[in-house]
Amino acid sequence: MDRIFGLDIQLGFDVLCQAVAVFIMFAFLSYVLFEPVRKLLDDRKNKIADDLDTAAADKEEAARLKAEYEEKIRDIEKEADEILSQARKKALKREDEIISEARQEALKITERAENEIALEKKKVRDQVKQEMIQVAVAMAGKIITDKIDPAKQDALVEETLKEMGDQTWRS
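Throughout what follows, the structure given in this document is the object of discussion. (Residues numbered from 1 in each chain as written. Predicted model: local features only at pLDDT ≥ 70, side-chain atom pairs only at ≥ 80, totals over all residues. Heavy atoms only, no water.)

## Brief notes about a nonpolar patch on the surface
So, step 1. A cluster of nonpolar side chains, contributed by Met25, Phe26, Phe28, Leu29, Tyr31, Val32, Leu33 and Phe34, occupies part of the molecular surface with about 840 Å² of accessible area.
So, step 2. Assessed through its relative accessible area of 64%, Tyr31 is described here as exposed. (Patch = residues over 30% accessible without salt bridge, like charges linked within 9 Å, V, L, I, M, F, W, Y side chains within 5 Å. Areas by Shrake-Rupley, 256 points an atom, 1.4 Å probe, with all protein chains shown as cover. Salt bridge = Lys/Arg side-chain N within 4 Å of Asp/Glu carboxyl O. Buried < 20%, exposed > 50% of the residue type's maximum accessible area, 1.4 Å probe, protein only.)

Here you go:
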């Protein structure tokens, strides 16, 4: 028997059998183990891809919601500005009304005061007239009772005025 490199046929046959056994075992294990592992890796890869897609969709949704939120905030700010503007207008209008009412009330008070002053003046005039009449009556009574000369008449007028003044001060 010829030996190749000093190897016998039995050893070559054993190596060939072991190689076939390793190949069969590789095929069997690849079917039993590698396929589920590949499937698991593919499933994981698909899940990661789905998660990335979901994350991208969520990011787009968040951006849309953010834009919507910012728009609502701008609308709210505009509405708040409008409300403040209306409140300012109402306040100015109310201020004008209050000032107008105060002016009308001041005019009424002034008119009442002027009426009271006019009545008081009339009353004082009437009192002065009454006093003048009393002075004239008193003087006439004294002149009639006493026929007197002009010097005596002047003294009598002075005395009567003094008496009338004393009576007025006592009242």
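Having seen the model, we can carry on.
## Description of the pattern of salt bridges
So, step 1. In the structure shown here, the tally under the stated rule is seven salt bridges.
So, step 2. Of the charged contacts in the structure, one is a salt bridge between Arg38 and Glu35, with a shortest N-O distance of 2.9 Å. Taken as a pair, Arg38 and Glu35 lie in helix α1 (residues 9-145) at a separation of three residues, close to a single helical turn.
So, step 3. Overall, the relative accessible area of 38% leaves Glu35 in the partly exposed class.
So, step 4. Between Glu97 and Arg94 there is a salt bridge whose closest N-O contact spans 3.2 Å. Of this pair, Glu97 and Arg94 both sit in helix α1, three residues apart, which is roughly one turn of that helix.
So, step 5. Judged by its relative accessible area of 34%, Glu97 falls in the partly exposed class. (Helix = DSSP H or I, 4+ residues; strand = E, 2+ residues; numbered from the N terminus.)

## Looking at a positive patch on the surface
So, step 1. A cluster of basic residues, Lys121, Lys122, Arg125 and Lys129, forms a positive patch at the surface.
So, step 2. You can see Arg125 is positioned in helix α1. (Lys, Arg positive; Asp, Glu negative; His and termini not counted. Charge placed at Lys NZ, Arg CZ, Asp CG, Glu CD.)

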